[in-house]
Every structure is written in structure tokens, then in C-alpha cells.
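# Geometric and topological summary
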Amino acid sequence: MADLAYTIAGNVLDKLGSLAYEEVSLAWGMKDDLNKLKLITLALQEVLPDAETKQEERPTLKTWVVELKDTFHDAVDVLDEFECELLRRKVVKQYASFGRKVHRFFSHSNPIVYCFSVAHRIREIRERLDEIDKNMEKFQLIKIAPNVDQSVRETHSFVNLLDVIGRDCEKGEILDMVLKDQAQESDNQILVISVIGIGGLGKTTLIKSVYNDDKIGEKFDLKIWVCVSLDFNVSKIVKDILTDTTEDSLMWKFDLIRIWMALRILPSPKNKEELEEIGESCCVELCNRSFFQADHGEDYFGLNQEFRVHDLIHNLACSITQNECSIVNSNDDRMIFDTVRYLRIVINEINLTKLSKLKKLKSIHVNSDKDEKDEVVQLFLSTCISTFKHLRVFDLSKLSIEVLPSSIGTMKQLRYLNLRENEKIKRLPNSICKLQSLQTLILDGCVELEEIPDDIGSLVSLRTLMLTTKQSFLCYGSLKSLRFLYINSCDNLKVLSNDSINCTTLRTLAIGDCAKLNLASEFSNKNVQLSLQTFVIFSLPETTDLPQWLEQAAKTLRNLRIEDCSKLTRLPEWLPKLISLEKLEIICCRNLLSLPDGMEGLTSLTHLVIENCNALKERCKREVGPDWHKIAHVPNLSIG
């Protein structure tokens, strides 16, 4: 519990340390209160590691930690609301030239009254922390510096088979030693196999391939991967072993990282790191420690990767968060604690009556039995929107919602909204564009959605957009924070807007299942330098060439996947200009006849996959194919 309080305290300090808060605190006359809040938060945070070690044996201390954590949560809520107001003013200023229409759309209460209200709530929280600080004296807590992770190389068990080249003999020898008849061994003998060599020879990759071999899975009911660093801590290793269990449920890494971002539980960015990159690192760390086990299916450069998590790990997480998490099923007659902040619930009339007292909720995942009446669903949604003022995560996927209430625009602190596979929804209220804090908007699989709102460009914080729409021309305005765009199953789509093409913040673009879209017709503004790192296209039957604007990402593009584009007969001559390209995958492009000249100049290319492309396969045949010399330098090749 105390370690969670430590993290939340860090969120408070991060906000108070931002330049925007420093500037506005002066303008709004709150500098002294915010500085005092910062100092007392820092002082309380320093004793939390000591409280963590002592609270289980001292119930009064445990109660003190809970009260402190709740106050930190409330502080984050107030500061987030403050941040929302800053974003609102930024949007009004940006679109001021549009006149009164925009001003009315983003209108707010009297700014003087609002400023006074925020200042009063901040002062109230500071006074609560002062009282908690006084009560701390009786516990005699000491300041302890948090553990700082050492920069050591940790590994996990996942391996891309393309990384394993020319080690079949060594792999076979190790498998023979591990799998040999145990009757030949003495009763007390434990087999230890050492693989020794200088760094960079591929020792870890070799052992990964053994670990993931089907024969190992058949031989042993339970297996575990543990990374032992130079800091050989037996206690830590044993804990890692105990946390590794059989897998029951699947989580999609993509969604998980965006939810972490919305709840702000990721470490603060350093050295211009992207939040999504930090989330990826956290997933790797959880795999290292055996909390997650990566699923080895097709992952599209990690975009589609899933993790397996055993119920034991879930139960462990719930025990740590105590009464803050709850799962309520359709026939569940239990009441929900008013301390709950993270909720998964099934829509029905009985559960509807349990929502009114949940004032602290931060995240809700709503499920449906599919046979619930539409009026019950609408009342459930309206109740959620009116009750949960500090909601950050709103998961409404697969509910078959017909209408999203226009009151959704009042959820100022919402950062994650998932409407995936709501197959009946036709329109979104334009009020959704008031959600200036929204980071993730998921609309893919909404097959009846006629269009996206005109003012969607007002979502100044939006980093991830996934959509399905009936529009033939896609225009989403200037989303200046956008990092990830996924366009899927847009059957009428023929043209991408210039906003899609010229978005300089975009890192990942994936387009698929768009029957009428021909990317070859898209032209670029050569004055715009893109920052695209991953580009994936699949099931685009009308596309005859890669889009010309992709050349504008020549210095940044690292991953390129082309799949099931039946009219694609050639790759552009400028493809060898993609000097940063590391991974190229060409799948099921049966009419693609050759690779462009100059491919041998792609010295950063380390992985090349060609599958189900018969003509290209023949031209790239090892040593004898006419295109072999273009790819002979690539260390990891898979052609089949």
C-alpha cells in the first residue's frame, strides 16, 4: 500500500514541477500554496519506504498510510482538473479566429470564480497533509532513499525465431542433455548446463530457442525463465520464481500500455522518451520477472502482442490494492465499497443501483450480457458520466451502443475511451471533442459509424486514434499530439486527408481492410519531414504502389510490413532511400515480381521476411536468384 502511495506522491510532484504550473501559479496567485504543497508532499514521500516495511505489524500506521494515499489521490484529481482548464484555454486561444461558435462550444464558468474554487481546494488538501504530517510523529518513521535500479542487462524468454541462425547443432545438443532419460541420473543430481562465451555470440538467444522448443513444453509441466544479474540476490530470484505460474487470461499489450498512460502509473519520461516507449519497457520488465508471459503469435512489430497472466497474479494485485479494485458480475449481489477506484462491471438494473456512491472511481470496464434493454444501457451510461467526475479510463467495448450520450463532453479528466466493436453506433456527439485530456480514442470495429466529428482536431492531447468509418474521405483535423493511427475496415475509403499524410508527430501508421483505398494516389509535401517509425498495410486490394509520402520518413522509418496487396507488382525505386529501415516484411503479395535496385545499400536492414510471394521467392533464391545479391547482406532472412 505504501509503495502505491509513493507512486501517487510522485505524480503530485511531477505536476507541481512542470513549467505550466509554475507560470499559472504566479498568474492565479497560488504560488505559495503550491510550493507548500510540493514541500510537504516531498517530505511525506521520503518516509513511505519505511512505512512500507512496518505497516503490516502496526494497524494504526496502515490506516495512516491509507489516509495519506487517499489525500494524494485527491490532490492529483484537483491538479488534473487544473490542467484540464489550462488545456481548455489553450484550445480556445488556438481556435479564437473561428469566432463565437468556438467560444460557445468551449465556454466555461466565470474564470475568477473558478480560480477561487481551485485555490480553495488546493489549500484544503495542503491542510489535510499538514494534519497527516503531525500524526506521523508518533510512528517515528525515518527517511529512506528509494532503491535505484542499476543499469544491468535483463532478459526475458521471448525470442523471434528469425534471430536464431546457424545454431541447430548446438540447440540439439542442449535439448539432448535436458531431455535425456532421468532414470539415468542419480536421485539427488540436479542438471546444470553452462553456455560460455564472450559477449555478443548469441548465448542468450540460443538458450531462448531451447526454452521455447515444443519438446521442452511436452517434457515439463512448469518452466521458468529467471534473469540473474551481477547483483546476485537470492531472495529476489526466489520471489521471481514464485510469481511465475501457468497462464489463464490474455491481455493485449497495446491496450494495457494506453491504460497505464491514462492512469499515469508509468515512470516519468527522461531524455525525451515517449510514454509509449516507457510502457514497452515496463512490459519487458514484467516479462523478465515472470509476471507476464508473452504469447508467441504474429505480433506485427509488437503492435498485436498479447500477454498471459495467471489468476494468482491478478489476485496478488487485488490484495495489494485491497478495497480499491472490484469485479461485479451479472448475478453478483455484493455491494461495492465506496473506496473502489478500479471497476469491472456487467450492465444490468441491479448493478445500476450500486454506482451512485462510487465518487472515487478512476477506471471502469463495462461488459454486457447482450440481451439487456437499450434503455437500461443508456441509463447506465448516463449514470456513469454524471457520477464519475474523475474518471480516466472508460472502456465501453463490444456493448452494441446505439447512441453515446452527449454528456460525455463533461468528463474533463477522461484520457482513455474505448468504443471498439460497437456495431450499432452510427454517430458520435460533437461534444466528444471537448475532451481535451483524451489521449486514446478507440473506434475500430464500429462498422456503422457514418463519420467522425468535424471538430475532432480539438483533441489536443490525443496520441492514439483507431477507427472504422463509412466515410470515403478521411479528415480528422490537425491532431498535433498524435503518435499512433490505425485505420481499419473502412470499406468506402478512397483517399486519406493531407492531415494523415503530413502529421509530423506520428510514429506508427497501420492501414488495413480498406477495399477501395489506393495509396499510390497519395502525394506528399516534400517540405514536410515525417517522424514515422512503423508503417503497416494489409488487405488493400486496390493499392498498386507504396505512397510517395513515405519517402519523407526516410531518416526515421524502422519497420515496414506489406501484406495481402494483390495489385502490388513492384516496390518504388526510392525504397533504398529508407536508410533507417531495420525490418521489412512482405507477405502474400503474389504479383510482386522483384525488389528494386540498390537494396544492398540498406545497411541498417537486419530482418527480412518474404512469405507467400512466389515470384519474389524465386528471384530471391539463395546464391542463384537474380535478386539474391540485393539481400545477401541481411543477417536474418526468412523466405518461404
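Residues numbered from 1 in each chain as written. Predicted model: local features only at pLDDT ≥ 70, side-chain atom pairs only at ≥ 80, totals over all residues. Heavy atoms only, no water.

## Examining helix H11 (residues 253-263)
Buried residues dominate H11, accounting for eleven of its eleven residues. What H11 keeps buried is the set Lys 253, Phe 254, Asp 255, Leu 256, Ile 257, Arg 258, Ile 259, Trp 260, Met 261, Ala 262 and Leu 263. In the stretch just after H11, Arg 264 is the one whose phi turns positive, near 55 degrees. (Buried < 20%, exposed > 50% of the residue type's maximum accessible area, 1.4 Å probe, protein only. Helix = DSSP H or I, 4+ residues; strand = E, 2+ residues; numbered from the N terminus.)

## Overview of the side chain of Asn 418
You can see Asn 418 is positioned in strand S8 (residues 416-418). We classify Asn 418 as buried; its relative accessible area is 1%. In contact with Asn 418, not counting residues within four places along its chain, are Asp 255, Phe 394, Asp 395, Leu 396, Ser 397 and Ile 442. (Contact = heavy atoms within 4.5 Å.)

## Looking at a negative patch on the surface
Taken together, the side chains of Glu 349, Asp 374, Glu 375 and Glu 402 present a region of like negative charge at the surface. In this structure, Glu 402 sits in the loop between strand S7 (393-395) and S8. (Patch = residues over 30% accessible without salt bridge, like charges linked within 9 Å, V, L, I, M, F, W, Y side chains within 5 Å. Areas by Shrake-Rupley, 256 points an atom, 1.4 Å probe, with all protein chains shown as cover. Salt bridge = Lys/Arg side-chain N within 4 Å of Asp/Glu carboxyl O. Lys, Arg positive; Asp, Glu negative; His and termini not counted. Charge placed at Lys NZ, Arg CZ, Asp CG, Glu CD.)

## Some thoughts on the pairing of strand S12 (residues 484-488)
In terms of burial, S12 is largely enclosed, as five of its five residues are buried. The two faces of S12 match: Phe 484, Tyr 486 and Asn 488 on one face and Leu 485 and Ile 487 on the other face are all buried. One ladder, built from four bridges, connects strand S10 (residues 464-467) with S12; its direction is parallel. Along S12, the bridge assignment pairs Leu 467 with Ile 487. Note: S12 against strand S14 (residues 508-512), five bridges, orientation parallel. Within S14, the position partnered with Leu 485 by the bridge is Leu 509. (Pairing = 2+ DSSP bridges.)

## Some words on the environment of Glu 421
The topology assignment puts Glu 421 in the loop between S8 and strand S9 (440-443). For the pair Glu 421 and Gly 445, spaced 24 residues apart in sequence, the C-alpha separation works out to 4.1 Å. Apart from the residues lying within four places of it in its own chain, the contact partners of Glu 421 are Lys 398, Asp 444, Gly 445 and Cys 446.

## Details of the packing of aromatic side chains
Following the criterion strictly, the structure yields four aromatic pairs and no others. On the basis of an interplanar angle of 70 degrees and a centroid distance of 5.6 Å, the ring pair of Phe 535 and Trp 549 is categorised as edge-to-face. A residue pair is termed long-range when its members are at least 10 positions apart, and Phe 535 in strand S15 (residues 534-538) and Trp 549 in the loop between S15 and strand S16 (559-563) qualify at 14 residues. In terms of burial, Phe 535 and Trp 549 fall into one category: buried. (Phe/Tyr/Trp six-rings, centres within 6.5 Å; stacked < 30°, edge-to-face > 60°.)

## Examining the packing of helix H7 (residues 168-179) against helix H8 (residues 203-211)
When two helices pack together, their arrangement is given by the angle between the helix axes and the distance between those axes. Two elements in contact, H7 and H8, have axes whose closest approach is 10 Å; the angle formed by their N-to-C orientations is 55 degrees. Considering their axes alone, H7 and H8 lie oblique with respect to each other. The hand of the H7/H8 crossing is right-handed. Residues Glu 170, Lys 171, Ile 174 and Leu 175 of H7 touch H8, and the partners they reach there are Leu 206, Ile 207, Ser 209 and Val 210. Each residue belonging to the contact of H7 with H8 can be placed in one class, and the counts come to five nonpolar, one polar and two charged. (Axes fitted to C-alpha atoms, helices over the stretch in contact; angles between N-to-C directions. Parallel < 35°, antiparallel > 145°, perpendicular 65-115°, else oblique. Left-handed = near helix turned anticlockwise from the far one by under 90°. Nonpolar A, V, L, I, M, F, W, Y, C, P; charged D, E, K, R; others polar.)

## Comments concerning the packing of H11 against helix H12 (residues 275-288)
Closest axis-to-axis distance for the H11/H12 pair is 9 Å, and the angle between their directions is 115 degrees. Once H11 is placed against H12, the crossing between them reads as right-handed. Here Lys 253, Ile 257, Arg 258, Trp 260 and Met 261 of H11 lie close against H12, whose contacting residues are Leu 275, Glu 276, Gly 279, Glu 280, Cys 282, Cys 283 and Leu 286. Residues belonging to the contact of H11 with H12 are distributed by class as follows: seven nonpolar, one polar and four charged.

## Quick look at the confidence of the model for the chain
When pLDDT is averaged along the chain, the result is 82; 83% of the residues meet or exceed 70. Scored below 50 in pLDDT, residues 98-107 makes 13 contacts in the model with residues more than four places away or belonging to other chains. Confidence drops under pLDDT 50 across residues 230-244; counting only partners more than four residues distant or on other chains, this segment forms 16 contacts. (pLDDT = per-residue confidence, 0-100.)

## Overview of the nonpolar core
In terms of nonpolar packing, the biggest core is built from 101 residues, with Phe 394, Ile 511 and Phe 535 touching the most fellow members. Here the element with the most residues in this core is helix H15 (residues 374-387); it accounts for six residues. Contacts of Phe 535, omitting those with residues within four sequence positions, involve Leu 509, Ile 511, Leu 519, Pro 547, Trp 549, Leu 550, Leu 557, Asn 559, Leu 560 and Arg 561. Of all hydrophobic cores here, the second largest spans 32 residues; its members include Ile 8, Leu 34, Leu 44 and Val 78. (Core = buried A, V, L, I, M, F, W, Y, C linked by side-chain atoms within 4.5 Å.)

## A short note on the pairing of S14
Regular strands place side chains that alternate from one sheet face to the opposite one. Among the five residues that make up S14, five are buried, leaving the element largely enclosed by the rest of the structure. Here S14 shows two buried faces, one formed by Thr 508, Ala 510 and Gly 512 and the other by Leu 509 and Ile 511. Where S14 meets S15, five bridges bridge the pair, whose relative direction is parallel. The residue of S15 that forms the bridge with Ala 510 is Val 536.

## Things to note about the pattern of salt bridges
Where charged atoms of side chains with opposite charge meet at close range, the side chains can pair. Applying the stated criterion across every chain, the model contains 40 salt bridges. In this structure, the salt-bridge partner of Glu 450 is Arg 427, at a minimum N-O distance of 3.3 Å. Of the two residues, Glu 450 is situated in the loop between S9 and S10 and Arg 427 in the loop between S8 and S9; the sequence distance between them amounts to 23 residues. Residue classification places Glu 450 among the partly exposed positions, given a relative accessible area of 37%. A salt bridge links Arg 561 to Glu 563, with the nearest nitrogen and oxygen atoms 3.0 Å apart.

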